[in-house]
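Each chain, written out:
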Amino acid sequence: MPMQGAGAHEEQVAALAGGAVTLTLDGGPALDTAALDRALTGDPAELWTGVIVRPDEPFDTAALWLATHEDTFGVIWQSPDHDLVRPVLRWFCPALITPDSFAYLTYREDETGERRIEFGVHVHGPLGPELAWRLAAHLRTWDRDWRHHPGPRFTLHPADAMPPAPATGRIFPKRHTHLVIDWA
């Protein structure tokens, strides 16, 4: 359930293909739902990352890594009744979203026959190739340097007290606080 009352924060939501696919972005420039809908119906492109995981292996910190490194970080959701996209997760799948383009994590079965999947990036829209390279680069960095790390540290500071910027991480200014996600 979203935050209510004085702490409420409005997300941008673009329902595409009659609600079959939903993009959610926390801030950034206004989304153009009509342009994103056209992007969805266009030919997608894909880029494979070489990052491999087993089905039982958690990769939740990958989404946190992306959120701390991309202003365009959002999520893509797909209705269970449709197959217009192939996100690695049906709910809360990491995506990079601009007003008219988006890229999201997808997967394919490992070709060795082992029970593993490879992460890839599917992109839609005119900025798709740029978004694909950025998303893939962040995922490879997470895999190489942070995947087996214990994860980030979260601290919350009052809005009137500016915390120091983390060496690896980000400060998220909120209405009443500053949330710091620090990977060091």
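Residues numbered from 1 in each chain as written. Predicted model: local features only at pLDDT ≥ 70, side-chain atom pairs only at ≥ 80, totals over all residues. Heavy atoms only, no water.

**Re the sheet that holds strand β8 (residues 153–158)**
One open sheet accounts for 3 strands, arranged β8-β10-β9; its pairing is antiparallel. Each having just a single partner strand, β8 and β9 (169–173) make up the two edges of the open sheet. Pairwise comparison of adjacent strand axes, ignoring direction, gives a mean angle of 15 degrees for this sheet. Across 6 bridges, β8 lies against strand β10 (residues 177–182) in antiparallel orientation. Paired with R153 across the bridge in β10 is D182. (Pairing = 2+ DSSP bridges. Helix = DSSP H or I, 4+ residues; strand = E, 2+ residues; numbered from the N terminus. Axes fitted to C-alpha atoms, helices over the stretch in contact; angles between N-to-C directions.)

**Section: the pairing of strand β7 (residues 117–124)**
For β7, a buried count of 8 out of 8 residues is recorded, marking the element as mostly surrounded by other parts of the structure. What you see with β7 is no split at all: I117, F119, V121 and V123 on one side and E118, G120, H122 and H124 on the other are buried throughout. As paired strands, strand β3 (residues 45–53) and β7 are joined by 6 bridges and run antiparallel to one another. For W48, the partnering residue across the bridge sits in β7 and is G120. (Buried < 20%, exposed > 50% of the residue type's maximum accessible area, 1.4 Å probe, protein only.)

**A short note on helix α2 (residues 60–67)**
In terms of residue burial, α2 counts as a mostly covered element, since 6 of its 8 residues are buried. Those residues of α2 lying buried are T61, A62, A63, W65, L66 and A67. Buried residues along α2 sit in contact with β4 (73–78), β5 (93–97), α3 (128–146) and β9. (Contact = heavy atoms within 4.5 Å.)

**Focus on the sheet that holds strand β6 (residues 102–109)**
Strand order in this open sheet of 7 strands is β1-β2-β4-β5-β6-β7-β3, and the pairing throughout is antiparallel. Here the strands that pair on one side only, and so sit at the sheet edges, are β1 (12–16) and β3. Across this sheet, the average inter-strand angle for adjacent strands is 30 degrees, counted without regard to direction. One ladder, built from 4 bridges, connects β4 with β5; its direction is antiparallel. Counterpart to V75 in the pairing with β5 is P94. Those strands touched by α3 are β3, β5, β6 and β7, and its axis lies near 5 degrees from that of β3.

**Side note on the side chain of H124**
Within the secondary structure, H124 sits in strand β7. Taking relative accessible area as the criterion, H124 reaches 3% and is therefore assigned buried. At 3.3 Å, the side chain of H124 forms a polar contact with the backbone oxygen of A39. With residues up to four places along the chain from it excluded, the contact list for H124 reads A39, L40, G42, P44, V85, S101, F102 and Y104. (Polar contact = N/O pair within 3.5 Å; in protein donor to acceptor, adjacent residues only side chain to side chain.)

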